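# Residue-level structure breakdown
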Amino acid sequence: MPGGRLTQQERQQIALGLADGLAYAEIARRLDRPTSTITREVMRNGGPVAYRADLAHRATERRAHRRRQAVPRGSQAPEQAHGRDAEAVREYEEAFTTLLMQQGLPKMMSRVLTCLFTTDAGSLTASDLVQRLQVSPASVSKAVAFLENQGLIRREPGEGRRERYLVNDGVWYESMIAAARSNTQLAETARQGVGILGPDTPAAVRLENIARFLDFVGESITRAAEQARDLLYTKAETPSGDEAAAPS
């Protein structure tokens, strides 16, 4: 499987694939690239409708140029905690951000949430986010306000007047329970149709099958979420002595 950055020719193949209505997985297979690479490339360059190979290539070159300028000549990039590969971390954060965007979150909100998910400290201040994301304080303020309103993050007092922002790990459990409730409501609505359309009619049978399926899925989700809830709060083991590493 080839590594490194996408070439201009590969971007042209992506554009042709999108024009032909191919799925990301199929485009990735033809280029022998991971599907996540194609998804990330398209999402950060206009989406499947607006993607243009030449514009995407120039945008990538500009981003690479900005990253080179961010590190003064003769100096080295800051050392990553726990011996991590800085480039691999950056690629992972971009992939995570892209996934959150596909779930419906705006780009800046997705970037902030990714930062909070991937920090060892477990929380960041507004100034930390400004520094890590290289964006304005106003952009961070707007993003954290949105995320807090959605219940995705919470704030707590920090040193002095600074507040720290934390991800709400419980939101994953709450999301699963909400999905189960939604399935239950759909099942109830489907069963209402059974009585209206007449028992044993083809339409009624179809709706009853849908209701039974949704009941089963909803109950399974609820049971699994309850059983696995504590996993969201499992703490990492802290190395003892000289092996302990400082959080990022």
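Provided above is the structure to which this section pertains.
This is a predicted model, so every value here is computed, not measured. Residue indices begin from 1 for each chain and proceed along its sequence in written order. Reporting in this predicted model follows two pLDDT cut-offs: at least 70 for local features of residues, and 80 or more for side-chain atom pairs to be given and counted; totals over whole chains, interfaces and linings ignore these cut-offs and use all residues. Calculated side-chain values reflect all of the structure's heavy atoms, with hydrogen atoms and water omitted.

### So, the overall build of the chain
To keep it simple, the criterion reads: Strands are runs of DSSP state E lasting at least two residues, helices are runs of H or I lasting at least four, and both sets are numbered from the N terminus onward. What makes two residues a contact is simply this: any of their non-hydrogen atoms within 4.5 Å. Methods summary: accessible areas were calculated by the Shrake-Rupley approach with a probe of 1.4 Å, and residue burial reflects only the protein chains presented.
Assigned secondary structure in the chain consists of 11 helices and three strands. Along the chain, from the amino end to the carboxyl end, the secondary structure elements read α-α-α-α-α-α-α-β-α-α-β-β-α-α. Pairs at least 24 apart in sequence give 56% of the contacts found in the chain among residues at least 6 apart. Summing over all exposed atoms, the chain offers an accessible surface of approximately 16300 Å²; the carbon and sulfur share of this is 53%.

### Let's talk about unusual backbone geometry
As a reminder, the rule being used: Exposure classes here rest on a 1.4 Å probe applied to the protein chains alone. A residue is buried below 20% of its type maximum, exposed above 50%, and partly exposed in between.
Phi angles above zero are rare outside glycine, and Asp32 is one such case at about 55 degrees. Phi at Asp200 is positive, roughly 70 degrees, even though this residue is not glycine. Mapped onto the fold, Asp200 is located in the loop between helix H10 (170–197) and helix H11 (202–228). Judged by its relative accessible area of 74%, Asp200 is exposed.

### Here's the deal with the nonpolar core
As a reminder, the rule being used: Nonpolar cores are built from buried Ala, Val, Leu, Ile, Met, Phe, Trp, Tyr and Cys residues. Side-chain atoms within 4.5 Å join them into one set.
Core analysis: the largest hydrophobic core is formed by 22 residues, its most contacted members being Val112, Leu113, Leu116, Leu129, Val144, Leu147 and Ile153. Mapped by element, the contributors of at least two residues to this core are helix H6 (86–102), helix H7 (107–118), helix H8 (126–133), helix H9 (137–149) and strand S3 (163–167). Counting 11 residues, the second largest nonpolar core, distinct from the first, contains Leu6, Leu18, Tyr24 and Leu31.

### Examining the packing of H10 against H11
Selection rule: Here, axes are lines fitted to C-alpha atoms. For helices the fit covers the stretch in contact, and angles between N-to-C directions go from 0 to 180 degrees. Orientation labels follow simple angle bins: below 35 degrees gives roughly parallel, above 145 gives roughly antiparallel, 65 to 115 gives roughly perpendicular, and whatever is left gives oblique. Helix crossings are classified by the rotation of the near helix relative to the far one: an anticlockwise turn of less than a right angle makes the crossing left-handed, while a clockwise turn makes it right-handed. Under this grouping Gly is polar, as are all residues other than the nonpolar Ala, Val, Leu, Ile, Met, Phe, Trp, Tyr, Cys and Pro and the charged Asp, Glu, Lys and Arg.
It is at 8 Å that the axes of H10 and H11 come closest, and there the two elements cross at 160 degrees. Classed by the angle they form, the pair H10 and H11 counts as roughly antiparallel. The hand of the H10/H11 crossing is left-handed. When the residues that make up the contact of H10 with H11 are grouped by side-chain class, the tally is 18 nonpolar, four polar and five charged.

### Thoughts on the pattern of salt bridges
Basically, it comes down to this: Definition used for salt bridges: Asp or Glu carboxyl oxygen within 4 Å of a side-chain nitrogen of Lys or Arg.
What the rule picks out here adds up to 12 salt bridges. The salt bridge partner of Arg11 is Glu41, with a shortest N-O separation of 2.8 Å. Within this pair, whereas Arg11 is found in helix H1 (residues 8–19), its partner Glu41 is found in helix H3 (residues 35–43), the two being separated by 30 residues in sequence. Residue Arg11 shares its accessibility class with Glu41, and that shared class is buried. Salt-bridge contacts for Arg132 lead to Glu93; the nearest nitrogen and oxygen are separated by 3.6 Å. One end of the pair, Arg132, is in helix H8; the other, Glu93, is in helix H6, with 39 residues separating them in the sequence. According to the relative accessible area criterion, Arg132 is partly exposed, its value standing at 35%. Each member of the salt-bridge network shares a partner with another, and the members are Glu26, Arg29 and Arg30.

### Description of helix H2 (residues 24–31)
Selection rule: The directions from the helix axis to the C-beta atoms form the arc being described.
Taken together, the buried positions of H2 are occupied by Tyr24, Ile27, Ala28 and Leu31. The arc that holds every buried residue of H2, seen down its axis, measures 100 degrees, which confines them to one face. Of the exposed residues in H2, the ones pointing more than 90 degrees away from its buried face are Arg29 and Arg30. Tucked inside the fold, the buried residues of H2 contact H1, H3, helix H4 (47–50) and H6. Residue Asp32 follows H2 closely and has a positive phi angle near 55 degrees.

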